Amino acid sequence: MATTSQASPASDGLRTPADAAADGPLIQLLDERGELHADERFSAYVADVDADELRSIYRDMALTRRFDVEATALQRQGQLALWVPCRGQEAAQIGSGRATRPGDYIFPTYREHGVAWTRQVDFAEMLRIFRGVSNGGWDPRENNFHMYTMVLAAQVPHATGYAMGINHDQTDWDTERRAAEGDAVVAYFGDGSSSEGDVHESMVFAASFDAPIVFFCQNNQWAISVPFEVQSKVPLASRAAGYGFEGLRVDGNDVLACLAVTRYALEHARRGDGPVFIEAVTYRMSAHTTADDPTKYRASEEELSWEPKDPLLRLEAYLRSSGVGDDAFFEQVAADADEMAAGVRAKAFTFPDPVLADSFKNVYAEAHPLIREESEWFRQYEAGFADNHPGGAR
């Protein structure tokens, strides 16, 4: 296991984001130079990852980044109302997502585009909510990947309740059957959301009832404009001890370590041994959202210091040095990514515009007099513009 030492306090008594990122042991298998190291506890969890899977993992990460770039461009061109970038967090998302089984249920925030991809959610469908044409974009029952949650940490109590429900369904199962056939839940959230009461309350319940859930926190160092050292004076993973379960701190830019640690945590949870908390230490290389300007609150020197830790460059270096990936492979992935991006853009333009009148029908399950009144008012209001538009009211 690669570890880092406790950083010395800054002269003004405040820790920098780099200091916070260096606190405590950090589980790492693939270092920043793309060199693989053995770990007596976690290497076994990726022993089955062969050359084909390594290439597939890289491809997932590269496609996710290319999709992110295309979605950002679409927003800048006025085709999306908002976009939430995930550049820099591909290893944490692809690694953890690939660790799940089809029966596991995933509760994301709004940035888990890579995780969604590992759950067979079509990239274009992820744009529906950001284009404003849908409240979601996909059917979560098809792939056990929940709708994006825009309210910070609101999905974490839902995830815990779902995990408690799994326990009720498996009451009569023995440990062996739980491990082999049982399902688990993964709740994703960021370092900013970790300060929300919903996370604390969820962990209390999860610990009390040994819920089969993995709390996966992507600590990308910034909660919009609030740096991590303001969010917490200790590594987030250390909080798990206060709830009575295990906390693990992993290099979030090391896809193999993220895969191994998440496999371990899910195995632990499925077996009936209770929840696990994972803090994936990564970095948000882009803005919080396309409505944000990170130059207003963080230094370019900090951003530059994280560039050598780029998860794609790290895996590419390993693939090249181990003979698993050559120029032809990387050129093909780039071409596939461009083709995917063009397809996403084309499909996004085919999404039908929603009919605003339908919004009134979706407020209550049954007809409601107030909604009927408001709907009629809107109909008359809209009709008032009919003479101004050759095509009629819009």
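Residues numbered from 1 in each chain as written. Predicted model: local features only at pLDDT ≥ 70, side-chain atom pairs only at ≥ 80, totals over all residues. Heavy atoms only, no water.

1. Details of the overall build of the chain
Then comes step 1: When helices and strands are counted, the chain shows 17 helices and seven strands.
Then comes step 2: Projecting the C-alpha coordinates of the chain onto the three principal axes gives extents of approximately 75 × 55 × 50 Å.
Then comes step 3: When burial is assessed residue by residue, the chain has 51% of its 394 residues classed as buried.
Then comes step 4: Total accessible area computed for the chain in this model is approximately 18100 Å², and 52% of it derives from carbon and sulfur atoms.
Then comes step 5: For the chain, the distance from the average position of its 36 positive side-chain charges to the average position of its 62 negative side-chain charges is 3 Å. (Helix = DSSP H or I, 4+ residues; strand = E, 2+ residues; numbered from the N terminus. Buried < 20%, exposed > 50% of the residue type's maximum accessible area, 1.4 Å probe, protein only. Areas by Shrake-Rupley, 256 points an atom, 1.4 Å probe, with all protein chains shown as cover. Lys, Arg positive; Asp, Glu negative; His and termini not counted. Charge placed at Lys NZ, Arg CZ, Asp CG, Glu CD.)

2. Side note on helix H15 (residues 327-348)
Then comes step 1: For H15, with 22 residues, the first-to-last C-alpha span of 32 Å sits near the 32 Å given by 1.5 Å per residue.
Then comes step 2: Of all the residues in H15, the buried ones are Phe329, Phe330, Val333, Asp336, Ala337, Met340, Ala341, Val344 and Ala348. Projected down its long axis, H15 shows its buried positions confined to an angular sector of 140°, all on one face. Structural note: H15 exposes Glu331 and Glu339 on the side pointing more than 90 degrees away from its buried face.
Then comes step 3: Buried-residue contacts for H15 involve helix H2 (51-76), helix H5 (128-131) and helix H14 (311-321). (Expected span 1.5 Å × (residues − 1). Arc of directions from axis to C-beta. Contact = heavy atoms within 4.5 Å.)

3. Remarks on a nonpolar patch on the surface
Then comes step 1: There is a patch of nonpolar side chains on the surface, built from Val204, Phe205 and Phe209 and spanning about 290 Å² of accessible area.
Then comes step 2: Within the secondary structure layout, Phe209 lies in the loop between helix H9 (197-208) and strand S3 (213-219).
Then comes step 3: The exposure class of Phe209 is partly exposed, given its relative accessible area of 48%. (Patch = residues over 30% accessible without salt bridge, like charges linked within 9 Å, V, L, I, M, F, W, Y side chains within 5 Å. Salt bridge = Lys/Arg side-chain N within 4 Å of Asp/Glu carboxyl O.)

4. Focus: the nonpolar core
Then comes step 1: One finds Tyr58, Leu127 and Leu315 to be the most contacted residues of the largest nonpolar core, which totals 72 residues.
Then comes step 2: A total of 11 residues in this core trace back to one element, the largest contributor, which is helix H12 (residues 255-270).
Then comes step 3: Aside from chain neighbours lying at most four places away, what touches Leu127 is Phe67, Ala71, Leu74, Leu80, Trp83, Val344, Ala348 and Phe351.
Then comes step 4: Val156, Phe228, Leu236 and Ala237 belong to the second-largest nonpolar core, a separate cluster that totals 24 residues. (Core = buried A, V, L, I, M, F, W, Y, C linked by side-chain atoms within 4.5 Å.)

5. Let's talk about the packing of H2 against helix H3 (residues 90-98)
Then comes step 1: Interaxial distance between H2 and H3 falls to 10 Å at its minimum, and their mutual angle equals 130°. With respect to their mutual orientation, H2 and H3 come out oblique. Crossing of H2 over H3 shows right-handed handedness. Within the contact between the two elements, H2 uses Glu53, Ser56, Ile57, Asp60, Met61, Thr64 and Arg65 and H3 uses Glu90, Ala91, Ile94 and Arg98.
Then comes step 2: Counted by class, the contact of H2 with H3 contains four nonpolar, two polar and five charged residues. (Axes fitted to C-alpha atoms, helices over the stretch in contact; angles between N-to-C directions. Parallel < 35°, antiparallel > 145°, perpendicular 65-115°, else oblique. Left-handed = near helix turned anticlockwise from the far one by under 90°. Nonpolar A, V, L, I, M, F, W, Y, C, P; charged D, E, K, R; others polar.)

6. Side note on the packing of H14 against H15
Then comes step 1: The interhelical angle for the contact between H14 and H15, taken along N-to-C directions, is 145°, at an axis separation of 10 Å. Facing H14, whose interface residues are Glu316, Leu319 and Arg320, H15 presents Asp327, Phe329 and Phe330.
Then comes step 2: Grouping the constituent residues of the contact of H14 with H15 by class yields three nonpolar, no polar and three charged.

7. Remarks on unusual backbone geometry
Then comes step 1: One non-glycine residue, Gln120, adopts positive backbone phi at about 65°.
Then comes step 2: A relative accessible area of 65% places Gln120 in the exposed class.
Then comes step 3: The backbone of Asp210 shows a phi angle near 50°, a positive value even though the residue is not glycine.
Then comes step 4: Mapping Asp210 onto the fold places it in the loop between H9 and S3.

8. Focus: the side chain of His268
Then comes step 1: Positionally, His268 belongs in helix H12.
Then comes step 2: In this structure the side chain of His268 is engaged in a polar contact, spanning 3.2 Å, whose partner is the backbone oxygen of Gly274.
Then comes step 3: What His268 contacts, discounting residues up to four positions off in sequence, is Asp273, Gly274, Pro275 and Val276. (Polar contact = N/O pair within 3.5 Å; in protein donor to acceptor, adjacent residues only side chain to side chain.)

9. Concerning the pairing of strand S6 (residues 246-251)
Then comes step 1: With six bridges connecting them, S6 and strand S7 (residues 276-281) associate as parallel partners. The residue of S7 that forms the bridge with Leu248 is Ile278.
Then comes step 2: Taken together, S6, H12 and S7 constitute a β-α-β crossover, and its handedness is right-handed. (Pairing = 2+ DSSP bridges. Right-handed = clockwise from strand over helix to strand, strands pointing away.)

10. Thoughts on the pattern of salt bridges
Then comes step 1: Throughout the structure, instances matching the rule amount to 29 salt bridges.
Then comes step 2: Across the pair Asp48 and Arg263 runs a salt bridge whose closest N-O atoms are separated by 2.8 Å. Here Asp48 is found in the loop between helix H1 (17-21) and H2, whereas its partner Arg263 is found in helix H12, with 215 residues between them in sequence.
Then comes step 3: Looking at Asp48, the relative accessible area reads 48%, which means it is partly exposed.
Then comes step 4: Put simply, Asp310 and Arg65 hold a salt bridge, and the shortest N to O gap is 2.9 Å. Taken as a pair, Asp310 in the loop between helix H13 (300-306) and H14 and Arg65 in helix H2 lie far apart in primary sequence, 245 residues in all.
Then comes step 5: Residue classification places Asp310 among the buried positions, given a relative accessible area of 6%.

11. Some remarks on the side chain of Arg178
Then comes step 1: Within the secondary structure, Arg178 sits in helix H8 (residues 175-181).
Then comes step 2: We note that Arg178 is buried and unpaired, the nearest opposite charge coming from Asp174 at a distance of 7.4 Å.
Then comes step 3: Arg178 has contacts with Asn167, Gln170, Thr171, Trp173, Arg270, Arg271 and Gly272, leaving out every residue within four places of it along the chain.

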